[in-house]
Amino acid sequence: MSINPHSLAALTSLRRSLTRAAADLNLDLGQGFEHWIQTLDRKLLPRLQEGFPIVAAICGGGSTGKSTLFNTVIGETMSPTGGRAGINRRVLVATGGKLAQDSTLLDFLGHTFGGPLHALEDPQQLQTPGPPLYCKSNDIPPQVVLLDTPDIDTGNHGQYANRDLARQSLEVADLFVYIFTNATYNNLDNTDFIADMLTGMGTRPCYLVYRVYPSFTNDEVREHARTVIHNIYGPNGDQHVLGVFRADEDNAVAAGQRSMALHAVDGEQPDLGAALAAIDPNPLRIRLLSSMFQGATYQASQMSGIVKKAKTHLDRYTSALEEAQNRCIQSALSHFPTDRVLRRFAQIWLQSDPSHIKLMRGTGKVIEWPLKTAIKPIRRLKNPEAVKKPPSTEEKLSQQLEMDLLSAANQLYKISVDTNILVDEGNIKAPAVVLDAQQRLKAKPWQATLETISTQKKEVLSWSNQLDAELKALADELRGRMGIMDQIRQTFAAMLNVIPATAAITYILHTGDAVGAAGIKVKLTGLFGLHDLYALIAIPATAGMSKADRKQLEQMLVPLARTWLAHKLKVVQGLFEEQISGEVLGTLRRAQTQTDALMTEIEEALSKL
Ligand SMILES: Nc1nc2c(ncn2[C@@H]2O[C@H](COP(=O)(O)OP(=O)(O)O)[C@@H](O)[C@H]2O)c(=O)[nH]1
Ligand SMILES: [Mg+2]
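Sequence order as written defines residue numbering, which begins from 1 separately in each chain. To read the labels, note that chains go from A and ligands from 1, taken in the order they are written. Local features in this predicted model are restricted to residues whose pLDDT is 70 or higher, and side-chain atom pairs enter the listing and the counts only when it is 80 or higher, whereas totals over whole chains, interfaces and linings include all residues. Excluded from the side-chain calculation are hydrogens and water; included are all heavy atoms of the structure.

A. Inspection of the overall build of the protein at higher detail. Counting from the N terminus, the helices are DSSP H or I runs at least four residues long and the strands are E runs at least two residues long. Within the protein, the secondary structure is distributed over 23 helices and 15 strands. Relative accessibility thresholds used throughout: buried, under 20% of the residue-type maximum; exposed, over 50%; partly exposed, between the two (1.4 Å probe, protein chains only). With 609 residues in all, the protein has 49% of them scored as buried. Shrake-Rupley sampling with a 1.4 Å probe provides the accessible areas, and residues are treated as covered by the protein chains on show and by no other component. Summed over all atoms, the accessible surface of the protein reaches about 28800 Å², with 51% contributed by carbon and sulfur.

Here it is as structure tokens:
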């Protein structure tokens, strides 16, 4: 993987999608995530943007001439120099005029250094600790930002003062300008510390500036420089050195009468300013940042794994809750009002009879069994008043339904607010994203909710236009499949007569277990994705129906019971989601959709990396 516009865009996209996924899932990705974001925001992504300047940091031991060098490069005396008075406590940032007007850049630099970046107003400000300050310079190459770093003293008991401040600003540097004197070049204490700074945070290339006695030859300068390079970078340090300059000691410089004069010991560029101006930032930065980039990419893939796992967990929990809800809804309808449904259907059936059938039935010409026995109910059906069941059955049904509804509601409530949900493989913990919704459900007055649900039982039992229309469509469909003789025989009307009153309410079983032999067992499949349901319509074998009639009846009951149940399951689902589980399930489903979309983005970005 290399850094190029595509991989940069991919990492930027991961920055966004992983943050959003973590927020959408209410995931705590821990300190690693925080660190990743900070690395991307402060150290990596902005620095890879087109036009981001080269940051060069001047560093070296105390009083080696850092500030003097800084002032030399920027062409102005901005940083105090010399003796105690010159001991700087803050970073001073010099930018070319154009960069100084770029507030995004200044913001970013300030961000990186650990505080807002303010303009230097008085050099004295540098002598008290605080966030970095900046100044403008016309001499500095336009794409370069130069840092004068604080002095690091070996203060009390060998503790380095200002070390953290210095480290923070050095971390953002693309390269260092390391200045040393004849007195310090072989001072291991000093270079150890600098070496640690320069290489401990990822190796940066550097320019060396040797403040040297004018009498030293270039060969001597080279030799001393090699010692310094070895001390800083180890045996193969040469590759990290961009150039070596000598700055001959000059009392006029010490007296502030002239600036430092730098001369390249080797190489083409005459002085440091020219060398900085000639640097192409891209290869330098790609080399410098590629290990950070790879680290960030690796971390992104780790975090994507965490998101994926959380999403799998979310999916498992959501389907477990949906399944549990379906079971509750099903148990709310565990009594099938056979009699009611059959009567209504028979009514619809008769009303939708084609006229020639009505006519034939009226003349009684072709009517055989079971019409004889069915005549009474047909008459009853023609007079709606007569259809009414005795109040006791109606009441019983209503009470039964209320009990079923309330106990199912209680069950669903418990499951919806529980910290875990039980499935065959064990417990699944409620995901973090749903906890708030669960709390709100808990805070809802439950008794009042139960009352609302219980007032809805009529709604559950009632005939809606839609259900009637569905039953009518069913009647037409069944009729279409029947031969004319079957139609005339009016099995449905007959049925009303043979179904005993005790079958008015029938259990719908939750499992596929066989249930006695007394009645017709109707298997309902594919409802709500539940396991098969059985409705048991108790039609005594003694009802005097032939085997063929029973078979036909059974064939008609299946779609009828299914139509009714499908409709009512939806009604109860609506009621339960509105009153109980809606917010919890809604939150889960939303999180699923959002995370799905984000995971596609994450996968895509990772595949590009
Ligand atoms: N003679 C001489 N003195 C210098 C030269 N450069 C810096 N100095 C002096 O060295 C002292 C420390 O310099 P300064 O830039 O403050 O060092 P810093 O503490 O590393 O920032 C000051 O008194 C400077 O005048 C130089 O080229 N020749
Ligand atoms: Mg200084």
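B. Fine view of the site of ligand 1. By convention in this text, a residue qualifies as near a molecule or strand provided that one of its non-hydrogen atoms is within 4 Å of it. In the neighbourhood of ligand 1, 18 residues make up the surrounding shell, with Lys66, Ser67, Thr68, Gly82 and Asp151 lying closest. In this structure, Lys66 approaches ligand 1 through a main-chain N or O atom, which is 2.8 Å from an oxygen atom. Counting of polar contacts relies on pairs of N or O atoms within 3.5 Å, with two restrictions inside protein: one atom must be capable of donating a hydrogen and the other of accepting it, and residues adjacent in sequence are counted only when both atoms are side-chain atoms. For ligand 1, a nitrogen atom lies 3.0 Å from a polar atom in the side chain of Glu249. Relative to its free-state accessible area of 570 Å², ligand 1 is covered by the protein chains to the extent of 89%. Within the residue set of the shell around ligand 1, elements represented by two or more residues are helix H3 (66–74) and helix H9 (251–254). The residue classification treats Ala, Val, Leu, Ile, Met, Phe, Trp, Tyr, Cys and Pro as nonpolar and Asp, Glu, Lys and Arg as charged. All others, Gly included, are polar. Its residues placed into classes, the shell around ligand 1 shows three nonpolar, nine polar and six charged.

C. Just the packing of helix H12 (residues 338–351) against helix H23 (residues 547–608), in detail. H23 packs onto H12 with a crossing angle of 105 degrees between their chain directions and a minimal axis gap of 11 Å. The orientation of H12 with respect to H23, classified from their angle, is roughly perpendicular. The residues of H23 that touch H12, namely those facing Val341, Leu342, Phe345 and Trp349, are Met556, Leu557, Leu560 and Trp564. Split into classes, the residues belonging to the contact of H12 with H23 amount to eight nonpolar, no polar and no charged. Each axis is a line fitted through C-alpha atoms, and for a helix only the stretch in contact is used; angles between axes span 0 to 180 degrees, taken between their N-to-C directions. Here is the rule for angles: anything less than 35 degrees is roughly parallel, anything more than 145 is roughly antiparallel, 65 through 115 is roughly perpendicular, and the remaining ranges are oblique. Any two residues having at least one pair of non-hydrogen atoms within 4.5 Å are treated as being in contact.

D. Spatial organisation of the pattern of salt bridges. Take a side-chain nitrogen of Lys or Arg and a carboxyl oxygen of Asp or Glu: if they are within 4 Å of each other, that pair is a salt bridge. Counted under the stated rule, the structure contains 20 salt bridges. Measuring nitrogen to oxygen at the nearest pair gives 3.1 Å for the salt bridge that ties Asp174 to Arg47. Here the residue Asp174 occupies a position in the loop between helix H6 (163–171) and strand E6 (175–181), and Arg47 occupies one in the loop between helix H2 (30–44) and strand E1 (54–60), the gap between them amounting to 127 residues. Taken individually, Asp174 and Arg47 each receive the classification buried, so the pair is uniform in this respect. The closest approach of N and O atoms between Arg316 and Glu425, which form a salt bridge, is 3.9 Å. With a gap of 109 residues between them, Arg316 in helix H11 (residues 281–332) and Glu425 in the loop between strand E11 (420–423) and strand E12 (426–429) connect regions that are remote in the sequence. Overall, Arg316 belongs to the partly exposed group, its relative accessible area being 41%. Using a relative accessible area of 66% as the deciding quantity, one classes Glu425 as exposed. Salt bridges sharing common partners tie together Arg47, Asp174 and Arg285.

E. A look at the packing of H11 against H23. For the pair H11 and H23, interaxial distance at closest approach is 9 Å and the crossing angle is 160 degrees. If you check the angle between H11 and H23, you find them roughly antiparallel. Between H11 and H23 lies a crossing of left-handed hand. A breakdown of the residues in the contact of H11 with H23 according to their chemical character gives 18 nonpolar, ten polar and eight charged. Helix crossings get a hand from a simple test, with the near helix turned counterclockwise from the far one by less than a right angle marking a left-handed crossing and a clockwise turn marking a right-handed one.

F. Examining the nonpolar core more closely. To qualify as a nonpolar core, a set must consist of buried Ala, Val, Leu, Ile, Met, Phe, Trp, Tyr and Cys residues joined through side-chain atoms within 4.5 Å. Formed by 94 residues in total, the largest nonpolar core has its most connected members in Leu11, Leu14, Trp36, Leu405, Phe576 and Ile580. In contact with Leu11, other than residues within four places in its own chain, are Leu40, Leu44, Leu45, Phe293, Ala296, Thr297 and Leu609. If you look at the next biggest cluster of nonpolar residues, it comprises 41 residues, including Leu105, Phe216, Tyr233 and Val265.

G. Spatial organisation of the pairing of E1. Most of E1 is tucked away: seven of the seven residues are buried. Burial along E1 is two-sided: the face carrying Ile54, Ala56, Ile58 and Gly60 and the face carrying Val55, Ala57 and Cys59 are both buried. DSSP-based pairing: two strands are paired if at least 2 bridges between them are found. Inspection of the sheet shows E1 paired to strand E5 (residues 144–148) by five bridges, in the parallel sense. Bridge pairing in E5 links Ala56 to Leu146. Note: E1 against E6, five bridges, orientation parallel. Paired with Ile58 across the bridge in E6 is Val177.

H. Quick peek at the sheet that holds strand E4 (residues 133–137). Spatially, the nine strands line up as an open sheet ordered E3-E4-E2-E5-E1-E6-E7-E8-E9, and their pairing is mixed. Because the sheet does not close on itself, it has two edges, and the strands there are strand E3 (118–119) and strand E9 (262–264). Those strands touched by H3 are E1, strand E2 (92–96), E4, E5, E6, strand E7 (206–212) and E9, and its axis lies near 155 degrees from that of E5.

I. Broad picture of the pairing of strand E8 (residues 241–248). Burial analysis of E8 places six of its eight residues in the buried class, the great majority of the element. Relative to E8, E7 is paired through seven bridges, and the arrangement is parallel. By the bridge assignment, Cys206 is partnered in E8 with Val241. Whether a crossover is right-handed depends on one test, that the path from the first strand over the helix to the second runs clockwise when the strands point away from the viewer. The parallel pair E7 and E8 is bridged by helix H8 (residues 218–233), and the resulting crossover is right-handed. Bridge analysis of E8 against E9 gives three bridges, and the strand direction is antiparallel. Within the sheet, the bridge partner assigned to Ala247 lies in E9 and is Leu262.

J. Summary view of the environment of Asn186. Along the chain, the position of Asn186 falls in the loop between E6 and helix H7 (188–200). On a C-alpha basis, the gap between Asn186 and Val228 in space is 6.9 Å, while along the polypeptide they are 42 residues apart. Contact partners of Asn186, with chain neighbours within four places excluded, come to Thr227 and Asn231.

K. The arrangement of the side chain of Thr563 in detail. Position of Thr563 relative to the elements: it lies in helix H23. What Thr563 contacts, discounting residues up to four positions off in sequence, is Leu467, Glu470, Leu471 and Leu474.

L. Examining H8 more closely. For a helix, the expected span equals 1.5 Å multiplied by the residue count minus one. If you check H8, its first and last C-alpha atoms are 22 Å apart, about what 16 residues at 1.5 Å a residue would give, namely 22 Å. Here H8 has its buried residues at Val221, His224, Ala225, Val228, Ile229, Asn231, Ile232 and Tyr233. Along the long axis of H8, the arc covered by the buried residues comes to 160 degrees, so they all point the same way. Looking one or two residues beyond H8, the residue adopting positive phi is Gly234, at roughly 85 degrees. Starting at the helix axis, one direction is taken to each C-beta atom, and the arc is that of these directions.

M. Structural view of the packing of aromatic side chains. Centres within 6.5 Å make a pair out of two Phe, Tyr or Trp rings, where for Trp the six-membered ring is used; the pair is then stacked when the planes are under 30 degrees apart, edge-to-face when over 60, and tilted otherwise. Enumeration over the complete set of coordinates arrives at seven aromatic pairs. Considering the side-chain rings of Tyr178 and Phe180, the 5.9 Å spacing of their centres and the 25 degrees angle between planes classify their relative orientation as stacked. Residue Tyr178 is classed as buried on the basis of its relative accessible area, which comes to 2%. Ring-pair connections join several aromatic residues into one group, and the members of that group are Tyr178, Phe180, Tyr210, Tyr213 and Phe216.

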